[in-house]
Amino acid sequence: MGQAIVITSGKGGTGKTSVTGGVASCLAALGRTVLCLDADVGLRNLDISLGLSDRALMDFSDVLEGRCSLSAAAVRHPLLPNLSLLTAPVRAAPESVEHSAMRALIKEITAQYDYCLIDSPAGLGPGFRLAACGAERAILVSTTDASALRDAQRAVSELSSALPQIHLVVNRVKPRLLRQLQTTIDDAMDTVGLPLLGVVPEDIAVTISANRGVPVILAERKGAAQAYLNIARRLEGQRVKMMRLH
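A few words now on the pattern of salt bridges. Counted by the stated rule, this structure contains 6 salt bridges. A salt bridge links Lys16 to Asp119, with the shortest nitrogen-to-oxygen separation between them at 3.1 Å. Pair noted here: Lys16 is in helix α1 (residues 16–29) and Asp119 is in strand β5 (residues 115–119), with a separation of 103 residues, a long-range link. The same class applies to Lys16 as to Asp119, namely buried. Ionic pairing is found between Asp62 and Arg67, a salt bridge with its closest N-O pair at 2.7 Å. Under the relative-accessibility criterion, Arg67 is labelled partly exposed at 49%.

Below is the structure:
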């Protein structure tokens, strides 16, 4: 059985979807089979981040309601054949999806793939709970902004009773700004109260790659691309030093 990991943030603007696509692409590049499940019902964007917006014709509601199989709905990436996407419905409400049905879907996915990375919507409402209901562990993405860290604390309180493993990824890090604010990554870890899985620098290559529809790991081997690869390797159980940001 594969692993089901929900990637969440507590608030919008932290780059959660970019982290989901970046880490998924790196796991696929390492030879693992990965399905990205976009659980952001009504506001999906993971297809754009992965460069699959013109290919995702069916969504997870089609599978849940029996209109097609998982294999028919999952879209394989043309450049990374180990990477697939099952997108979210555009016209639906998260409250309309039964948690039992979502758990069954995720169980079916993990029977066929090494990893199911679930992209959670921002906020702590019904969509957040739906995304997390079938996961075994969580990755919480936050920036170093005080508001993002506060919302991350709230997300941890929601998740900690249900998920035994929650790790922190500090995203969009700007070392110069950290120095000006006289704060550190350790301070962010202490605020949220989670072990650190990775640090991702602010990198324009992420935006450029998303707009070109090419996973950043196929275009770069430094910056955010290297950070995503480090996170993927840690998920695989490898010991990888934290990236030093200057």
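Structure shown, so let's carry the discussion forward.
Read from one edge to the other, the open sheet built from 8 strands follows the order β3-β4-β2-β5-β1-β6-β7-β8, with strand pairing classed as mixed. Each having just a single partner strand, β3 (75–76) and β8 (196–201) make up the two edges of the open sheet. Across 4 bridges, strand β1 (residues 3–8) lies against strand β6 (residues 137–142) in parallel orientation. Bridging from a neighbouring strand, Ile7 pairs with Ile139 of β6. Helix α11 (residues 223–235) rests against β1, β5, β6, β7 (165–173) and β8 of the sheet, and its axis sits at about 170° to β8.

Our focus in this paragraph is the packing of α1 against α11. At a closest axis distance of 8 Å, the pairing of α1 and α11 adopts a crossing angle of 65°. The angle between α1 and α11 places the two elements in the roughly perpendicular class. Classified by chirality, the crossing of α11 by α1 is right-handed. Together, Ser18, Val19, Gly22, Val23, Cys26 and Leu27 of α1 and Ala225, Tyr228, Leu229, Ile231, Ala232 and Leu235 of α11 make up the contact between the two elements. Considered class by class, the residues forming the contact of α1 with α11 number 10 nonpolar, 2 polar and no charged.

What counts and what doesn't
Residues numbered from 1 in each chain as written. Predicted model: local features only at pLDDT ≥ 70, side-chain atom pairs only at ≥ 80, totals over all residues. Heavy atoms only, no water. Salt bridge = Lys/Arg side-chain N within 4 Å of Asp/Glu carboxyl O. Helix = DSSP H or I, 4+ residues; strand = E, 2+ residues; numbered from the N terminus. Buried < 20%, exposed > 50% of the residue type's maximum accessible area, 1.4 Å probe, protein only. Pairing = 2+ DSSP bridges. Contact = heavy atoms within 4.5 Å. Axes fitted to C-alpha atoms, helices over the stretch in contact; angles between N-to-C directions. Parallel < 35°, antiparallel > 145°, perpendicular 65-115°, else oblique. Left-handed = near helix turned anticlockwise from the far one by under 90°. Nonpolar A, V, L, I, M, F, W, Y, C, P; charged D, E, K, R; others polar.

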